[in-house]
Amino acid sequence: MTTTANASLGARLRRAWGDHLDDGEQSATLAWASFAGTFVGVRALTHWLRDGHGPSGGGISVGGRHFHHYNIGIALLTGIGAVAIRGEERHRRHPSTALAYGVGTALIADEAALLIDLQDVYWAKQGRLSVDVAVSAIALGGLAIAGSGLWPTAVREIRRTPSAAR
């Protein structure tokens, strides 16, 4: 029988997750985490592609035209909307729904300057800086707020030494 005192860090964090966050808070936390991770990952990938790595065209193209990743985000949010309107409760509250929502939102937010200006200003100073700063702050702030019931316990569990966990 495993007790809280000698459980692994992963088990203790899973317990804190379930004990301190209700289903809605868990979904919000997963959505914000996937938003933040996707946004950072997409920014890193696009910089890597722009630096001459990867495909010679610098990304995905369809019929010789650049395919912007906000289209994937729109498709994901369309699917999430269908689940929200017509899906069963177990699908609406499923972790993959929250994760897909965060990913889709990040893909759209990453190209917000293009959608606002209706010009491809992604690499222009006004396109990059505003999106980088604003969305990074929103992602980190949302993650902190969404998981506010979990973070104090998670930090306490992480700080516990292995000998104190026995």
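The preceding data block contains the structure.
Being a predicted model, the structure only gives us computed values, none of them experimental.

About the thresholds
- Residues numbered from 1 in each chain as written.
- Predicted model: local features only at pLDDT ≥ 70, side-chain atom pairs only at ≥ 80, totals over all residues.
- Heavy atoms only, no water.
- Helix = DSSP H or I, 4+ residues; strand = E, 2+ residues; numbered from the N terminus.
- Buried < 20%, exposed > 50% of the residue type's maximum accessible area, 1.4 Å probe, protein only.
- Contact = heavy atoms within 4.5 Å.
- Areas by Shrake-Rupley, 256 points an atom, 1.4 Å probe, with all protein chains shown as cover.
- Axes fitted to C-alpha atoms, helices over the stretch in contact; angles between N-to-C directions.
- Parallel < 35°, antiparallel > 145°, perpendicular 65-115°, else oblique.
- Left-handed = near helix turned anticlockwise from the far one by under 90°.
- Nonpolar A, V, L, I, M, F, W, Y, C, P; charged D, E, K, R; others polar.
- Expected span 1.5 Å × (residues − 1).
- Polar contact = N/O pair within 3.5 Å; in protein donor to acceptor, adjacent residues only side chain to side chain.

Participant: Which parts of the structure should I look at to understand the overall build of the chain?
Facilitator: In terms of regular secondary structure, the chain is built from 8 helices and 2 strands. Ordered by position from the N terminus, the helices and strands of the chain form the series α-α-β-β-α-α-α-α-α-α. Looking at the 166 residues of the chain, the share that counts as buried comes to 30%. For the chain, long-range pairs separated by at least 24 residues make up 73% of all intrachain contacts whose partners lie at least 6 apart in sequence. Carbon and sulfur atoms form 62% of the exposed surface of the chain, whose accessible area is close to 10,300 Å².

Participant: Whenever I open this one, the environment of A139 confuses me. Can you help?
Facilitator: As for its placement among the helices and strands, A139 is situated in helix α7 (residues 125-146). Relative accessible area serves as the criterion here: at 3%, A139 is assigned to the buried category. Sequence separation between A139 and W32 is 107 residues, and the spatial gap between their C-alpha atoms is 6.2 Å. A139 has contacts with W32, F35 and A36, leaving out every residue within four places of it along the chain.

Participant: I tried to follow the environment of L114 on my own but got confused; where do I start?
Facilitator: Inspection of the secondary structure assignment puts L114 in helix α6 (residues 112-117). Classification of L114 by relative accessible area gives buried; the value is 11%.

Participant: Can you help me understand the packing of helix α1 (residues 9-20) against helix α8 (residues 151-159) in this one?
Facilitator: Any two packed helices are characterised by the angle at which their axes cross and by the distance between the axes. Remark: α1 packs on α8, axes separated minimally by 9 Å, with the N-to-C direction vectors making an angle of 165°. In terms of axis orientation, α1 runs roughly antiparallel to α8. You can see that α1 and α8 cross each other, and the crossing is right-handed. Two secondary-structure elements touch here, α1 through L9, R12, L13, A16 and H20 and α8 through T153, A154, E157 and I158. Tallied by class, residues from the contact of α1 with α8 come to 5 nonpolar, 2 polar and 2 charged.

Participant: Would you mind going over helix α2 (residues 23-50) with me for this structure?
Facilitator: Residues spaced three or four apart along an α-helix point in a common direction, a consequence of the helix completing one turn every 3.6 residues. Its 28 residues place the ends of α2 40 Å apart at the C-alpha level, agreeing with the 40 Å of an ideal helix rising 1.5 Å per residue. The opening residue of α2, the one whose side-chain oxygen lies 3.0 Å from the backbone nitrogen of G24, is D22. Two residues or fewer after α2 comes G52, characterised by a positive phi angle close to 95°.

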